[in-house]
Amino acid sequence: MSSKDRILARIRRAASGPDPTVPRDYLRVHGARTPAEAADLLAANLTEYRATVHRADEDGLPLLLTRLLSRHESVLVPPALPPHWLSAAGPTRIHDRASSTPRELDRVGGVVTGCALAIAETGTIVLDGGPDQGRRRITLIPDHHVCVVRVPDQLVDSVPQALERLDPTRPLTWISGPSATSDIELDRVEGVHGPRTLDVVLLGAQ
């Protein structure tokens, strides 16, 4: 029996056995917060990661998005983005299509999406490919991502709370600030693996 066969046999035995009991005695949340305090913590952590945070209500959202996207001629939109979020005066809307190539998506200035939820303690936005978010590639190729978070409905305090609400079978993308990396001399470079600019709108948080 080869090493590969032994490894696969062990995996099969483990997978066919009873589910192990995993102790979950860790803190589910670090402190008690009001929804407003959770929104403030999310904003502070996102800002620390060099995202730009905005606050708006439903009436003010179209004007804000028009301003944020004003430098672009076109913007990608997922299939079920609420149509009233974008003003008619804004950039041309490009709907994602299965036939769209990475080169075509790279020519679009930005993308506007919703999210699955946001985590206050880590400053993280989670996308799960829902209808108002679209496929993962439309949020990774354009250089500018504007993400709308409905507060308080889509805001949780901690990662354990987030995991309870997320479907692990969906394509989850966890975002904390713009895409960035550092070389061996710790020189930061943004936009390497995704958007160079991340604007997060807290919808309903004043």
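Our structure is the block above this text.
All values derive from a computational prediction rather than experimental measurement.

About the cut-offs
- Residues numbered from 1 in each chain as written.
- Predicted model: local features only at pLDDT ≥ 70, side-chain atom pairs only at ≥ 80, totals over all residues.
- Heavy atoms only, no water.
- Helix = DSSP H or I, 4+ residues; strand = E, 2+ residues; numbered from the N terminus.
- Buried < 20%, exposed > 50% of the residue type's maximum accessible area, 1.4 Å probe, protein only.
- Areas by Shrake-Rupley, 256 points an atom, 1.4 Å probe, with all protein chains shown as cover.
- Lys, Arg positive; Asp, Glu negative; His and termini not counted.
- Charge placed at Lys NZ, Arg CZ, Asp CG, Glu CD.
- Polar contact = N/O pair within 3.5 Å; in protein donor to acceptor, adjacent residues only side chain to side chain.
- Contact = heavy atoms within 4.5 Å.
- Pairing = 2+ DSSP bridges.
- Axes fitted to C-alpha atoms, helices over the stretch in contact; angles between N-to-C directions.
- Core = buried A, V, L, I, M, F, W, Y, C linked by side-chain atoms within 4.5 Å.

## Some points on the overall build of the protein
Then comes step 1: Across its full length, the protein carries five helices and twelve strands.
Then comes step 2: Principal axes of the C-alpha set define a box for the protein whose edges measure 65 × 45 × 40 Å.
Then comes step 3: Looking at the protein as a whole, 41% of its 206 residues qualify as buried.
Then comes step 4: Surface exposure of the protein reaches about 11800 Å², of which carbon and sulfur atoms provide 54%.
Then comes step 5: In the protein, 24 side chains carry a positive charge and 26 a negative one; their mean positions are 8 Å apart.

## Notes on the side chain of Asp96
Then comes step 1: With respect to the helices and strands, the residue Asp96 is situated in the loop between β3 (92-95) and α4 (102-106).
Then comes step 2: A distance of 2.8 Å separates the side chain of Asp96 from the side chain of Arg135, its partner in a polar contact.
Then comes step 3: With near-sequence residues (within four places) excluded, Asp96 lies in contact with Leu76, Val77, Leu105, Arg135, Arg137 and Ile138.

## Details of the side chain of Asp132
Then comes step 1: You can see Asp132 is positioned in the loop between β6 (124-127) and β7 (144-150).
Then comes step 2: Within the structure, Asp132 has its side chain in polar contact with the side chain of Gln133 (distance 3.2 Å).
Then comes step 3: Asp132 has contacts with Pro78, Ala80, Leu81, Thr113, Gly114, Cys115 and Arg150, leaving out every residue within four places of it along the chain.

## Notes on the sheet that holds strand β1 (residues 52-56)
Strand pairing in a sheet relies on backbone hydrogen bonds, with the paired strands running either antiparallel or parallel.
Then comes step 1: Taken together, the six strands give an open sheet; going across it, the order is β1-β12-β7-β4-β2-β3, and neighbouring strands pair in parallel fashion. Since the sheet does not close on itself, it has two edges, and those belong to β1 and β3, each with one partner. Across the sheet, the axes of successive neighbouring strands diverge by a mean angle of 25°, strand direction being ignored.
Then comes step 2: With seven bridges connecting them, β7 and strand β12 (residues 197-203) associate as parallel partners. Looking at the pairing, Val148 lines up with Val201 of β12.
Then comes step 3: Taken strand by strand, helix α2 (residues 35-48) contacts β1 and β12, and its axis lies near 150° from that of β1.
Then comes step 4: Docked against the sheet, helix α3 (residues 61-68) engages β1, β4 (110-113), β7 and β12, running at close to 175° with respect to β12.

## So, the nonpolar core
Then comes step 1: In terms of nonpolar packing, the biggest core is built from 19 residues, with Leu42, Ile125, Val149, Leu155, Val200 and Leu202 touching the most fellow members.
Then comes step 2: Taken together, the elements giving at least two residues each to this core come down to α2, β6, β7 and β12.
Then comes step 3: A per-element tally of this core places α2 first, with five residues.
Then comes step 4: Dropping the residues within four chain positions of it, Val200 is found in contact with Leu46, Thr52, Val53, His54, Ile125, Cys147 and Val149.
Then comes step 5: Core analysis: the second largest hydrophobic core is formed by 16 residues, Ala56, Leu68, Trp85 and Leu203 among them.

## Quick word on the sheet that holds strand β8 (residues 155-156)
Then comes step 1: With mixed pairing, four strands are arranged side by side in an open sheet as β8-β5-β6-β9. Every interior strand has two partners, whereas the edge strands, β8 and β9 (173-175), have only one.
Then comes step 2: In terms of strand pairing, strand β5 (residues 117-119) meets β8 through two bridges, oriented parallel. Across the sheet, the residue bridging to Ala118 is Leu155, located in β8.

Function cannot be read off these values alone, since they describe shape.
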